[in-house]
Amino acid sequence: MTDPSTKTDHGRACRQRLERPQCSTRRPRRRCRHTKTRGLSAEEVRNLPVTIDLLTASRALGIGRTKAYQLARTGQFPCRVWRVGRSYRVRTTDLQTFLGMETARRSRRSASRRKDR
């Protein structure tokens, strides 16, 4: 058995490796595979472009990369997905609608209706 006092915090060890200065001739280090990418906030989802790639949509939904591609291939992704060449694209308004957010298009319409009254 290992002595618990000799164990180190994995996250701290990964951060220390990433913070070390790197030689310019070496390849940049990848993120540690144990470090999770964080999801998108509501403000970040509102500021997305008109269409986004499947990975960005999956981050907003909290779905992993492999599962997102699997759902897109089988047609079960929560939003409509377009195949463009070898990549998948998702319309931001579809994503916002699925998340229950008011889309920019709807908010503009409701603002114009208020002006007409």
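In what follows, the structure referred to is the one given above.
Residues numbered from 1 in each chain as written. Predicted model: local features only at pLDDT ≥ 70, side-chain atom pairs only at ≥ 80, totals over all residues. Heavy atoms only, no water.

Caption draft 1: Quick look at the sheet that holds strand β3 (residues 87–91). Pairing is antiparallel across the open sheet formed by 3 strands, whose spatial order is β1-β3-β2. Sheet topology places β1 (51–53) and β2 (81–84) at the edges, where each strand pairs with a single neighbour. Ignoring which end each strand starts from, the neighbouring axes of this sheet average 40° apart. On top of the sheet, helix α3 (residues 54–61) reaches β1, β2 and β3; it is set at about 90° to β1, its chief contact. (Pairing = 2+ DSSP bridges. Helix = DSSP H or I, 4+ residues; strand = E, 2+ residues; numbered from the N terminus. Axes fitted to C-alpha atoms, helices over the stretch in contact; angles between N-to-C directions. Contact = heavy atoms within 4.5 Å.)

Caption draft 2: Quick peek at the pairing of β2. In this sheet, β3 lies alongside β2 in antiparallel orientation, the contact comprising 4 bridges. By the bridge assignment for β3, V84 is matched with S87. Once β2 ends, the chain turns through 2 residues before running back antiparallel as β3, passing G85 with a positive phi of about 65°.

Caption draft 3: Main features of the packing of aromatic side chains. A full pass over the atoms with the stated rule returns 1 aromatic pair. For the cation-ring pair, R83 lies above Y88, with the distance from its terminal atom to the ring centre recorded as 4.8 Å. (Phe/Tyr/Trp six-rings, centres within 6.5 Å; stacked < 30°, edge-to-face > 60°. Lys NZ or Arg CZ within 6 Å of the ring centre and 35° of its normal.)

Caption draft 4: Region of interest: helix α4 (residues 65–74). Every buried residue of α4 is accounted for by A68, L71 and A72. Burial along α4 is one-sided: seen end-on, the buried residues are contained in an arc of 100°. Away from the buried face of α4 by more than 90 degrees, exposed residues T66, R73 and T74 are located. Close packing links the buried residues of α4 with α3, β2 and β3. Once α4 ends, the next one or two residues include G75, with phi positive near 80°. (Buried < 20%, exposed > 50% of the residue type's maximum accessible area, 1.4 Å probe, protein only. Arc of directions from axis to C-beta.)

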